[in-house]
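So the chains spell out like this:
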Amino acid sequence: MKKILIGGCSFTEKKHGRGEWKPWSDLFSEELYIRNVAQSSYGQGMISKSIVNEIEVSKFKPDFVIIQWSSIQRGYSTNLKEFFSSVVKNKETALLTHDYEYLNEESKMSPQHIEDEFILASFTHILLTKNYLESKNIPYLMFWGWNQFNNVNKKLSNLFINKIYDSDWWIYGEHGGMSEFINEEIGKSALATDGKHPSTKGHKLFYDKIIKKIL
């Protein structure tokens, strides 16, 4: 049985029938063994860490890895005190080593104000994860959950784009991801009722037309 390791954020997190939508990661054939470490609110650092830990610490040996990359800057709290309070309250100690990903509330700042440090950190995690998987000779597929390039520092991001976009990276249009593909295909029915995440219909479309064909 082929083993597949999946990482990402809430766009990919497993639901097992408990939730508003059925994610693409829950649609795989029973002929495949799926290990899904995606978690809601994960940024690039936590996604990378979850993949490496599953292989190195849990000794999982995947035949293929699928990673949905998340927001360049997650948005969690506005200062360190608030961040640590939230971590303690929600028992999310795993986030402590990646506090820089969560310290500015994305909803209160326009994309052009995202600092270069967030871009550098985000792309560094992606590039290091690619290099890690390649060093292990583990084939993989990567893609964005949604477009991350609107109004960011193009000169800086272009340095990394040429290194991360290759035949192992699925992309929709210039920089689009899963969300843009679904929106273009089915319009209003693309979103769940929360208005942020793809609907069950959208997830199934993405799985059938993209993931399934690539596999």
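Residues numbered from 1 in each chain as written. Predicted model: local features only at pLDDT ≥ 70, side-chain atom pairs only at ≥ 80, totals over all residues. Heavy atoms only, no water.

K.L.:
Which residues make up the packing of aromatic side chains, and what are the values?
P.N.:
To describe a pair of aromatic rings, one takes the distance between the centres and the angle between the planes. With the rule as written, the count across this model stands at 19 aromatic pairs. Note on Trp24 and Phe206: the rings are 6.1 Å apart at their centroids and 75° apart in plane angle, and the pair reads as edge-to-face. Here Trp24, found in the loop between strand E1 (2-7) and strand E2 (32-36), pairs with Phe206, found in helix H6 (residues 200-214); they are 182 residues apart in sequence, far enough to count as distant. Ring plane angle 55° and centroid distance 5.1 Å describe the contact between Phe143 and Phe206, whose orientation is recorded as tilted. Remark: Phe206 occurs in helix H6 and Phe143 occurs in strand E4 (residues 140-144); sequence separation between them is 63 residues. In this pair, the class of Phe143 matches that of Phe206, namely buried. Put simply, the rings of Trp24, Phe28, Phe143, Trp170, Tyr172, Phe181, Phe206 and Tyr207 pair up and form one aromatic cluster. In this structure, Lys3 is placed above the aromatic ring of Phe60, and the distance from its NZ or CZ to the ring centre is 5.6 Å. (Phe/Tyr/Trp six-rings, centres within 6.5 Å; stacked < 30°, edge-to-face > 60°. Helix = DSSP H or I, 4+ residues; strand = E, 2+ residues; numbered from the N terminus. Buried < 20%, exposed > 50% of the residue type's maximum accessible area, 1.4 Å probe, protein only. Lys NZ or Arg CZ within 6 Å of the ring centre and 35° of its normal.)

K.L.:
If you had to explain helix H3 (residues 116-135) to someone new, which residues and values would you point to?
P.N.:
Taking 1.5 Å of rise per residue, the 20 residues of H3 would be expected to cover 28 Å, and the 28 Å separating its terminal C-alpha atoms lies within 8% of that figure. Listing the buried residues of H3 in full gives Phe118, Ile119, Ala121, Ser122, Phe123, His125, Ile126, Leu127, Thr129, Lys130, Tyr132 and Leu133. Turning to H3, the residues buried within the fold contact helix H1 (44-56), strand E3 (64-69), E4 and helix H4 (154-164). (Expected span 1.5 Å × (residues − 1). Contact = heavy atoms within 4.5 Å.)

K.L.:
Outline the packing of H3 against H4, supporting the account with residue identities and numerical values.
P.N.:
To characterise two packed helices, one gives the angle between the axes of the helices and the distance between these axes. Where H3 meets H4, the axes come as close as 10 Å, and the angle between the chain directions of the two elements is 10°. Comparing the axis directions of H3 and H4 gives the class roughly parallel. Between H3, through Asp116, Ile119, Leu120, Phe123, Thr124, Ile126, Leu127 and Lys130, and H4, the contact on the second element is made entirely by Leu156, Ser157, Phe160, Lys163 and Ile164. Of the residues assigned to the contact of H3 with H4, the class counts are eight nonpolar, two polar and three charged. (Axes fitted to C-alpha atoms, helices over the stretch in contact; angles between N-to-C directions. Parallel < 35°, antiparallel > 145°, perpendicular 65-115°, else oblique. Nonpolar A, V, L, I, M, F, W, Y, C, P; charged D, E, K, R; others polar.)

K.L.:
Run through the packing of helix H5 (residues 178-186) against H6, naming residues and quoting values.
P.N.:
It is the contact of H5 with H6, at a shortest axis distance of 10 Å, that shows an interaxial angle of 105°. In terms of their interaxial angle, H5 and H6 are classed as roughly perpendicular. Across the interface between the two elements, Met178, Phe181, Ile182, Glu185 and Ile186 of H5 pack against Lys201, Gly202, His203, Leu205, Phe206, Lys209 and Ile210 of H6. Grouping the amino acids of the contact of H5 with H6 by side-chain chemistry returns seven nonpolar, two polar and three charged.

K.L.:
Break down the pattern of salt bridges for me, with residues and values.
P.N.:
By the definition in use, this model includes five salt bridges. In this structure, Glu54 engages Arg35 in a salt bridge whose closest nitrogen and oxygen atoms are separated by 2.5 Å. One end of the pair, Glu54, is in helix H1; the other, Arg35, is in strand E2, with 19 residues separating them in the sequence. Note that Lys204 is salt-bridged to Asp208, the shortest N-O span being 2.6 Å. Remark: Asp208 and Lys204 occur in helix H6; sequence separation between them is four residues, near one turn of the helix. (Salt bridge = Lys/Arg side-chain N within 4 Å of Asp/Glu carboxyl O.)

K.L.:
Go over the side chain of Gln68, please, and point to the residues and values.
P.N.:
Positionally, Gln68 belongs in strand E3. Assessed through its relative accessible area of 0%, Gln68 is described here as buried. A polar atom in the side chain of Gln68 sits 2.8 Å from the side chain of Thr12. Discounting residues that sit within four places of it in the chain, Gln68 has contacts with Gly7, Gly8, Cys9, Phe11, Thr12, Ile47, Phe143, Trp144, Gly145 and Trp146. (Polar contact = N/O pair within 3.5 Å; in protein donor to acceptor, adjacent residues only side chain to side chain.)

Interpretation note: all reported values are geometric properties and have no functional meaning in isolation.
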